[in-house]
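One letter stands for each residue in the lines below.
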Amino acid sequence: KQNTISMPTAIAKLNASNIAAACIAIIGLTAYYRYQQHKSKKTHKTGRQQSHTPNAALKAIASTSNGTVIPPLPDIVKSLLSNARLAYLSTCDASTPNNVSSHLSLMRFTYLPDEEVIIMSTNKYTRKFELLKSQTSVALLVHDFGDVGGFGSYSITLNGACAIVGEDHGAGDSSDDAERYRAAHLKHNPEYPQFIVGDDIAILCVRVTSARICNIHDQVQKWDINQGPECVQ
């Protein structure tokens, strides 16, 4: 005689199995949710503590010259210039009344720490190039805000003298310097040869004379190549 299970008994066993599985799933989900809550609170607390911790690099800058940094450039500036590739270049149209017309360009740049210069390039058939032929004073804005995977820490405004390498004889740079700078600039920005290589592409060299360094806490420090530690801005 074959063993048989009545319909009510089978349904009861099936319901019991489903209930047990559901209970296990609920317990597991509850434990996971509590773990995520604890992890989120811990991360938020750590981030909040870090946001109120004074930046060690900026504290080192502030400890010298009452906030006015003397040469050489502080490590945080060198680090940002060495790792960044984009800057905003500001020039002014001297042909307009009171120099009221400004010009802003997004530029790829290369910082050469051994020479303390910033290298850029531009097409010769641009307004920027025409302006730079008649003026040398420029401003550059460099920052690390918005980098992928990070929140950024600094923005730096740099003022300096910009020379068209190999064409501005007063700067003392030769055509050999232009090609050397071009090669270094291309090595640092290998994805953009169309902006660097060509007979119509001029090489620019900026020698920094002053800087304003601002961190994410809106703390600003200043550097000027012509002023010593006794001068406070």
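Look up a bit, the structure's there.
What counts, and where the lines are drawn
Residues numbered from 1 in each chain as written. Predicted model: local features only at pLDDT ≥ 70, side-chain atom pairs only at ≥ 80, totals over all residues. Heavy atoms only, no water. Helix = DSSP H or I, 4+ residues; strand = E, 2+ residues; numbered from the N terminus. Buried < 20%, exposed > 50% of the residue type's maximum accessible area, 1.4 Å probe, protein only. Contact = heavy atoms within 4.5 Å. Salt bridge = Lys/Arg side-chain N within 4 Å of Asp/Glu carboxyl O. Core = buried A, V, L, I, M, F, W, Y, C linked by side-chain atoms within 4.5 Å. Arc of directions from axis to C-beta. Pairing = 2+ DSSP bridges.

Engineer: So what exactly am I meant to see when it comes to the overall build of the protein here?
Structural biologist: In terms of helices and strands, the protein carries 5 helices and 9 strands. Residues counted as buried form 33% of the 233 residues belonging to the protein. A sequence separation of at least 24 residues applies to 62% of the contacts in the protein between residues at least 6 apart.

Engineer: Even after reading the chapter, I still don't get the environment of Leu104, so can you show me in this structure?
Structural biologist: Tracing the backbone shows Leu104 in strand 3 (residues 101-108). Taking C-alpha positions, Leu104 is 9.6 Å from Ala139, a pair spaced 35 residues apart along the chain. Aside from chain neighbours lying at most four places away, what touches Leu104 is Tyr88, Leu89 and Ser90.

Engineer: What's the story with the pattern of salt bridges in this structure? I'm lost.
Structural biologist: For side chains bearing opposite charge, pairing can occur when the charged atoms are close. Considering all chains together, one arrives at 5 salt bridges under this definition. In this structure, the salt-bridge partner of Glu116 is Lys78, at a minimum N-O distance of 3.8 Å. Of this pair, Glu116 sits in the loop between strand 4 (110-112) and strand 5 (117-123) while Lys78 is found in helix 3 (residues 75-83), placing the two residues 38 residues apart along the sequence. Classification of Lys78 as partly exposed rests on a relative accessible area of 24%. Between Lys133 and Glu130 there is a salt bridge, with the nearest N and O atoms lying 3.3 Å from each other. Here Lys133 pairs with Glu130, and both are found in helix 4 (residues 127-134), just 3 residues apart, close to one helical turn. Here the salt bridges do not stand alone but share partners, grouping Glu115, Asp177 and Arg180 into one network.

Engineer: Mind showing me how you'd approach the nonpolar core here?
Structural biologist: Looking at soluble globular proteins, one finds that nonpolar side chains tend to be buried together. The biggest cluster of nonpolar side chains holds 30 residues, and the ones touching the most others in it are Leu81, Phe109, Ile118, Met120, Leu140, Val142 and Leu158. Elements represented by at least two residues in this core include exactly helix 3, strand 2 (86-93), strand 5, helix 4, strand 6 (137-143), strand 7 (154-164) and strand 8 (201-215). Counting residues per element, this core draws most heavily on strand 8, at 6 residues. Core analysis: the second largest hydrophobic core is formed by 8 residues, Leu112, Ile119, Ala178 and Tyr181 among them.

Engineer: Please explain helix 4 as it appears in this structure.
Structural biologist: Residues Lys128, Phe129, Leu131 and Leu132 constitute the buried set of helix 4. Taken around the axis of helix 4, the buried residues stretch over an arc of 160°, which confines them to a single face.

Engineer: Explain the pairing of strand 7 to me, please; I cannot follow it from the model alone.
Structural biologist: Regular strands have side chains that alternate between both faces of the sheet. Taking burial as the measure, the 11 residues of strand 7 include 8 buried ones, the bulk of the element. Strand direction decides the pairing type here: strand 6 and strand 7, joined by 7 bridges, are antiparallel. Bridge pairing in strand 7 places Val138 opposite Gly160. Pairing of strand 7 with strand 8 involves 11 bridges; the strand directions are antiparallel. Bridge assignment links Leu158 to a residue of strand 8, and that residue is Ala211.

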